[in-house]
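Commentary on secondary and tertiary structure
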Amino acid sequence: MEAHGKKSDSCGVICLKYLLFLFNILFWLAGGAVLAVGVWTLVEKSDYISLLNSNFYSTSAYILIVAGVIVIVTGMIGCCATLKEMRSLLIVYLVLLLCIFLLEIIAGVLAYINYQQLDEELRQNLKETMQQKYHQPGEESITQAVDKLQQEFKCCGSHNFSDWTDSVWIQEAEHGRLVPDSCCKTPSELCGRRDHPSNIYKVEVGCIIKLEDFIQSQLYILGAVGVGIAFLQLVGMMFTCCLYRNLNDDPY
């Protein structure tokens with residue numbers, strides 16, 4: 001009976017090891033996904049950062065990158081602790097999982113609060129930024145960001161095309177444009193002289209709505225990923241506690 005009990009314990013430990021190892025592989029992949037999203041945000045969407053007076057967008061991207069690295073390292077520690085059956089390393093791994101879980105909750109609350117502030121700031125500043133800084137000396141990054149925004153989201157002006165009427169660039173220049181060429185459905189040199197709906201994005205909603213929808217969709221994706229990782233962490237902590245208890249009870 002003792003031998004049978006010992007064999008059952010050994011089988012239980014082996015099963016827990018495999019389950020925890022599988023969890024760590026999933027956790028490691030999740031960390032890689034978070035890291036990739038952070039890098040993609042900085043590389044592909046960095047132009048929009050210049051349109052915001054807040055560092056929320058860029059800070060969020062860096063947080064994602066750091067979080068991804070921490071998750072990957074934690075997953076590696078978990079694999080080592082599982083394969084080598086080191087109780088001390090399992091404790092370190094469990095503490096790291098708990099810390100990441102708590103940080104995720106705090107980050108989620110702060111992201112929600114900051115998004116409300118960012119949304120209000122975006123509405124107040126985007127129109128002014130477009131009108132005062134577009135095509136002005138030393139504001140090349142703003143100009144590039146506005147052009148990319150209008151073309152990528154198929155919009156013209158912050159709220160609508162008439163926002164460009166009060167633009168410094170439109171009023172001071174002698175090019176005859178009514179809107180920037182990036183407002184055109186098929187951009188070409190001086191196409192902004194004609195503001196007919198067949199030529200520019202005149203009847204579509206303004207860029208502010210499109211940008212808000214984009215940021216909100218990104219937050220939904222990050223929220224879903226965060227919930228998924230949090231669920232994995234709870235499962236991982238449960239497996240870790242079970243394995244630690246079995247190793248602690250097992251004299252071999």
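Calculation notes
Residues numbered from 1 in each chain as written. Predicted model: local features only at pLDDT ≥ 70, side-chain atom pairs only at ≥ 80, totals over all residues. Heavy atoms only, no water. UniProt positions renumbered as here; feature names shortened; annotations may be inferred. Helix = DSSP H or I, 4+ residues; strand = E, 2+ residues; numbered from the N terminus. pLDDT = per-residue confidence, 0-100. Contact = heavy atoms within 4.5 Å. Phe/Tyr/Trp six-rings, centres within 6.5 Å; stacked < 30°, edge-to-face > 60°. Buried < 20%, exposed > 50% of the residue type's maximum accessible area, 1.4 Å probe, protein only. Disulfide = S-S within 2.5 Å. Expected span 1.5 Å × (residues − 1). Arc of directions from axis to C-beta. Salt bridge = Lys/Arg side-chain N within 4 Å of Asp/Glu carboxyl O. Core = buried A, V, L, I, M, F, W, Y, C linked by side-chain atoms within 4.5 Å. Patch = residues over 30% accessible without salt bridge, like charges linked within 9 Å, V, L, I, M, F, W, Y side chains within 5 Å. Areas by Shrake-Rupley, 256 points an atom, 1.4 Å probe, with all protein chains shown as cover.

1. Observations concerning the UniProt feature "transmembrane region" (unreviewed entry) in the protein chain
Sites flagged by UniProt as "transmembrane region" (unreviewed entry) map to residues 21-42, 62-83, 90-113 and 219-244. Helix and strand shares over residues 21-42 are 100% and 0% respectively, and the end C-alpha atoms of the span are 32 Å apart.

2. Here we look at the confidence of the model for the protein chain
Averaged over the protein chain, the pLDDT score is 80; the fraction of residues at 70 or greater is 86%. Model confidence for the protein chain, summarised as mean pLDDT per element, is weakest for helix 1 (residues 2-44) at 73 and strongest for helix 4 (residues 140-152) at 90. Between residues 1-8, whose pLDDT stays under 50, and residues either more than four places distant or in other chains, the model counts one contact.

3. Points about the packing of aromatic side chains
Here a ring pair, both rings aromatic, is described through the centre-centre distance and the interplanar angle of the planes. The full count for this structure, using the stated rule, is four aromatic pairs. Centroid distance phenylalanine 23 to phenylalanine 27: 5.4 Å. Interplanar angle 15 degrees. Geometry classified as stacked. Of this pair, phenylalanine 23 and phenylalanine 27 both sit in helix 1, four residues apart, roughly one helical turn. A ring pair is formed by tyrosine 134 and tryptophan 164, whose centres lie 5.0 Å apart and whose planes are at 65 degrees; its orientation type is edge-to-face. Taken as a pair, tyrosine 134 in the loop between helix 3 (87-133) and helix 4 and tryptophan 164 in the loop between helix 4 and helix 5 (168-172) lie far apart in primary sequence, 30 residues in all. No difference in accessibility class separates tyrosine 134 from tryptophan 164, as the two residues are buried. Here a set of aromatic residues connected by ring pairs shows up, and it is made of Tyr134, Trp164 and Trp169.

4. Notes on the state of the cysteines
Scanning the model with the defined rule gives three disulfides in all. Residue cysteine 156 pairs covalently with cysteine 183 via a disulfide, S to S 2.2 Å. Its torsion about the S-S bond being 85 degrees, the disulfide of cysteine 156 and cysteine 183 is classed as right-handed. Of the two residues, cysteine 156 is situated in the loop between helix 4 and helix 5 and cysteine 183 in the loop between helix 5 and helix 6 (207-249); the sequence distance between them amounts to 27 residues. For the residue pair cysteine 156 and cysteine 183, the accessibility class agrees, reading buried in each case. Summary of cysteine pairing: cysteine 242 is not part of a disulfide, and the nearest cysteine sulfur, belonging to cysteine 241, is at 6.9 Å.

5. Points about unusual backbone geometry
Of note, the phi angle at histidine 135 is positive, near 60 degrees, even though the residue is not glycine. Among the residues examined, histidine 135 registers a relative accessible area of 42% and is labelled partly exposed. Positive phi is not limited to glycine here, since lysine 154 has a value of about 55 degrees. As for its placement among the helices and strands, lysine 154 is situated in the loop between helix 4 and helix 5. Given the relative accessible area of 47%, lysine 154 is considered partly exposed.

6. Quick notes on helix 4
Given a rise of 1.5 Å per residue, 13 residues ought to cover 18 Å, and the 18 Å separating the end C-alpha atoms of helix 4 matches this to within 8%. For helix 4, the complete set of buried residues consists of Ile142, Thr143, Ala145, Val146, Leu149 and Gln150. Down the axis of helix 4, the buried side of the element spans an arc of 165 degrees, and every buried residue falls inside it.

7. Description of the pattern of salt bridges
By the definition in use, this model includes three salt bridges. The shortest N-O distance in the salt bridge between aspartate 181 and arginine 177 comes to 2.9 Å. Under the relative-accessibility criterion, arginine 177 is labelled buried at 10%. Glutamate 189 serves as the salt-bridge partner of arginine 177, at 3.1 Å between the closest nitrogen and oxygen. Here the residue arginine 177 occupies a position in the loop between helix 5 and helix 6, and glutamate 189 occupies one in the loop between helix 5 and helix 6, the gap between them amounting to twelve residues. Overlapping salt bridges bring together Arg177, Asp181 and Glu189 as one network.

8. Overview of the nonpolar core
Counting 26 residues, the largest nonpolar core has Leu51, Met130, Val146, Leu149, Trp164 and Leu211 as its most contacted members. Among the secondary structure elements, those contributing two or more residues to this core are helix 3, helix 4, helix 5 and helix 6. Ranked by residues supplied to this core, first place goes to helix 6 with five residues. Val13, Ala30, Ala81 and Ile229 belong to the second-largest nonpolar core, a separate cluster that totals 20 residues.

9. Description of a nonpolar patch on the surface
There is a patch of nonpolar side chains on the surface, built from Leu98, Leu102, Leu103, Ile105, Ile106, Val109, Leu110, Tyr112 and Ile113 and spanning about 870 Å² of accessible area. Considering the arrangement of structural elements, one finds isoleucine 113 in helix 3. By relative accessible area, isoleucine 113 is classed as partly exposed at 40%.

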